[in-house]
Amino acid sequence: MTTQYQWINVETEGHVATVTLCREQAANSLSQALCLEFVEAMGELQEADVRAVVLTGQGKKAFCAGADLKERKGMAEAEVRVAVHRIRQVVESVAALPMPTIAAVNGVAFGGGTEIALAADLRICAREAQFGLTETGLGIVPGAGGTQRLPRLVGVLRAKELIYTARRISAEEAEHIGLVLEVVESEGLLTRAKELAQKVAANGPIAVRAAKWAIDHGLSEPMARGLQIEEEAYERVLNTEDRLEGLRAFAEKRPPVYRGK
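Residues numbered from 1 in each chain as written. Predicted model: local features only at pLDDT ≥ 70, side-chain atom pairs only at ≥ 80, totals over all residues. Heavy atoms only, no water.

**Student:** Sorry if this is basic, but what is going on with the pairing of strand β3 (residues 16-21) here?
**Tutor:** For a regular strand, side-chain orientation follows a simple rule: the groups alternate between the two sheet faces. Across the six residues that make up β3, a large majority, six, are buried. Of the two faces of β3, the one holding Val16, Thr18 and Thr20 and the one holding Ala17, Val19 and Leu21 are both buried throughout. Pairing analysis gives six bridges linking strand β2 (residues 8-13) to β3, with the strands arranged antiparallel. Bridge pairing in β3 places Ile8 opposite Leu21. The turn joining β2 and β3, which pair antiparallel and follow one another in sequence, is formed by two residues; a positive phi near 65° is taken by Gly14. Relative to strand β4 (residues 52-57), β3 is paired through six bridges, and the arrangement is parallel. Note on β4: the bridge partner recorded for Leu21 is Gly57. Handedness of the crossover is the feature at issue here: the chain leaves β3, passes through helix α1 (residues 32-46), returns alongside β4, and the resulting connection is right-handed. (Buried < 20%, exposed > 50% of the residue type's maximum accessible area, 1.4 Å probe, protein only. Helix = DSSP H or I, 4+ residues; strand = E, 2+ residues; numbered from the N terminus. Pairing = 2+ DSSP bridges. Right-handed = clockwise from strand over helix to strand, strands pointing away.)

What follows is the structure, given as structure tokens:
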């Protein structure tokens, strides 16, 4: 099933949804119209029978070049505040999805583009991809989670260097510092992302969502509280049909068929 907005495309195959930013002519940059459509689509995915989401950009040159600076140039200060808020909403709508998300970074990802990727659970990229929180080079700061998510992912020292210098990094360096899971050839990127999504979708969806919740909520807590959160996550799966199906499938030596119940 495909849902076509003006600036994004949502295609669902089985339990996997692929969301594509469709402004190839503008490097898939975040116009206000695209931001509004994106947040609407993420809201619909919240309630959909989807077990994994792949995020990518149209074409081969750009995943997302960040804010639409041509549009931003003509804005008054109050309008800029609204525009930045909308980009924050885009990024947070990705982070808020209960199912795992995979950013398939097909080209450059600068500013808000990198921040969208950071909000995803997993990141893979094409060999031609580049990343960068380039905002300080424009006299601003990352405003959609970059100053918080990047240090948690790659460490404070490396994050400060990248943010202070506005330096752009290659796919290989991104993999080296732990920003992305793997680098693949561009023609195989989406296939690889969907393969990964299908592996996620084959597992118990209640369990996967509970595991994501435990990781996301426990990571910044002291260990004792984190273990309590893990216990709460386990409670979510105890009284489910999926848990019993997993045991039956193991005993019968067959793949489990999970129904999310």
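**Student:** Mind showing me how you'd approach the pattern of salt bridges here?
**Tutor:** Inspection of every chain in the model, using the stated rule, returns 16 salt bridges. Three or more residues are tied together by salt bridges with common partners; here these are Arg158, Glu161, Arg167 and Glu173. (Salt bridge = Lys/Arg side-chain N within 4 Å of Asp/Glu carboxyl O.)

**Student:** Is there a simple way to think about the sheet that holds strand β11 (residues 182-184) in this case?
**Tutor:** Picture the strands of a sheet paired through backbone hydrogen bonds; they go either parallel or antiparallel. Pairing in this open sheet of seven strands is mixed, and the strands run β1-β2-β3-β4-β6-β8-β11 from one edge to the other. Looking along the sheet, the strands with just one partner apiece sit at the ends: β1 (2-4) and β11. This sheet shows a mean twist of 20° between the axes of neighbouring strands, independent of strand direction. Across the sheet, helix α8 (residues 189-201) is in contact with β2, β3, β4, β6 (101-105), β8 (122-126) and β11; its angle to β8 comes to roughly 160°. (Axes fitted to C-alpha atoms, helices over the stretch in contact; angles between N-to-C directions. Contact = heavy atoms within 4.5 Å.)

**Student:** Honestly, unusual backbone geometry in this entry has me stumped. Any pointers?
**Tutor:** Across residues other than glycine, the phi torsion is negative in most instances, and most of the peptide bonds are trans. With a phi angle near 55°, Ala27 is a residue other than glycine that sits in the positive phi range. Along the chain, Ala27 falls in the loop between β3 and α1. In this structure, Asn28 is a non-glycine residue whose phi angle is positive, near 55°. Positionally, Asn28 belongs in the loop between β3 and α1.

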